[in-house]
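Coordinate analysis (summary)
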Amino acid sequence: MANPDPAEQLLLSLGITEPDEIDLDAIAFDQGAYIRFCDLDGCEADILGYRDKAIISIDRSRSKTRQRFSIAHELGHWHHHRGQRLRCRVEEHNPNLRKITENQANTYAASLLLPNYLLKPRVLEYTKFNFSVIESIANDFSCSLSATALRLVEQDYWPSMLVCHSHSGRQWFARSKSFHQRWFPKTELDPDSGAFDVLFGQAQNEKRPHLIGADAWFDNYDAQQFEMYEQTIKISKEEILTLLTIKDDRMLEDPESSRRSYF
């Protein structure tokens, strides 16, 4: 196993070997933090700490999975930012946050809730990657679909990309390390994509991936040479999430390197 990060080190030190053992109340208590659920105005969670003790406040009106991520996020602040005064912004499925402290807390939360040493054995049970697989893993770990999807993409178990759109255009995207960085998704949805119909039309969540030309998603000069798999679901009334996976391994290559190899 690769060197565990701080969140995984904590889980391993507590002897956690199954997803249902990730008891955030117990973990917080071990770290000197008390969790209280209450009505919060203007935020979903905050943390107040003094010396080696802290109180984490969580908005009781949020969903259980959202509350879990908020707790894990605040524990990330408790680990990384003790002694700092922070205005917290919990975004469980936005990898494009620019604020370093929030990114650190989100990364810690993702690893605490979906640790790689427990995640990888479950991933190996599947031969394909789609939202059905993501949903199954999300249920195992008591996490939201969007947070689980982002974690799986960023861990690079499959060459894949996750793209979020709203009516105002692309909100964010994330790609696995093996998905070559030359592929940068368009800002606006292509009318020929299934995602367009889910966001703007009457189409329901797509139950399975379907083939589409890569030029529907990318402006690269060679995009029309490739097909890829697309699957889209709604994550709110205003936003959709699209999973793009590779059909042709040549999309993972650098075309300039291929050209140079001939000379």
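Everything below is about the structure shown above.
To keep things clear, this report deals only with the structure shown in the data block.

1. Overview of the overall build of the protein chain
Secondary structure summary: the protein chain contains nine helices and eight strands in total. The C-alpha radius of gyration computed for the protein chain amounts to 20 Å, which stays within 12% of the reference 18 Å derived for 263 residues, consistent with globular compactness. Referenced to the eigenvectors of the C-alpha coordinate spread, the extents of the protein chain come out at roughly 60 × 45 × 35 Å. Counting the 263 residues in the protein chain, one finds 49% classified as buried. For the protein chain, the exposed area adds up to about 14200 Å²; of that, 47% sits on carbon and sulfur atoms. Across the protein chain, the 31 positively charged side chains and the 40 negatively charged ones have centroids separated by 4 Å.

2. Describing the sheet that holds strand β2 (residues 45-50)
Strands belonging to one sheet form pairs held by backbone hydrogen bonds; the direction of such a pair is parallel or antiparallel. One open sheet holds the three strands; their spatial order is β1-β3-β2, and the pairing between them is mixed. Both outer strands of the open sheet, β1 (33-38) and β2, are each paired with one neighbouring strand and no more. Across the sheet, the mean angle from the axis of one strand to that of its neighbour is 20°, orientation sign disregarded. When β1 meets strand β3 (residues 53-59), the two strands line up parallel, connected through six bridges. Looking at the pairing, Tyr34 lines up with Ile55 of β3. Against the sheet, helix α3 (residues 64-80) touches β1, β2 and β3, its axis set at about 150° to β3.

Reading the values: rules and limits
The numbers attached to residues start from 1 for each chain and follow its sequence in the written order. Per-residue local features of the predicted model are confined to residues with pLDDT of at least 70, and side-chain atom pairs are confined, for both listing and counting, to 80 or more; whole-chain, interface and lining totals are unaffected and use all residues. Water and hydrogen atoms play no part in the side-chain values, which are based on all heavy atoms of the structure. Numbering goes from the N terminus for both helices and strands, where a helix is a DSSP run of H or I of at least four residues and a strand is a run of E of at least two. Two things to know: the radius of gyration comes from C-alpha atoms, and the globule rule equals 2.2 Å times the number of residues to the power 0.38. To sort residues, take the accessible area from a 1.4 Å probe on protein chains only and compare it with the maximum for the residue type: under 20% means buried, over 50% means exposed, and anything in between is partly exposed. Only the protein chains shown count as cover for residues, and all accessible areas are computed by the Shrake-Rupley method using a 1.4 Å probe. The charged-residue count follows a simple rule in which Lys and Arg add positive charge and Asp and Glu add negative charge, with His and chain termini not counted at all. Every charge is mapped to an atom, namely NZ of Lys, CZ of Arg, CG of Asp or CD of Glu. For two strands to be treated as a pair, DSSP must find at least two bridges joining them. Each axis is a line fitted through C-alpha atoms, and for a helix only the stretch in contact is used; angles between axes span 0 to 180 degrees, taken between their N-to-C directions. Only heavy atoms matter for contacts: two residues are in contact if any of them lie within 4.5 Å across the pair.

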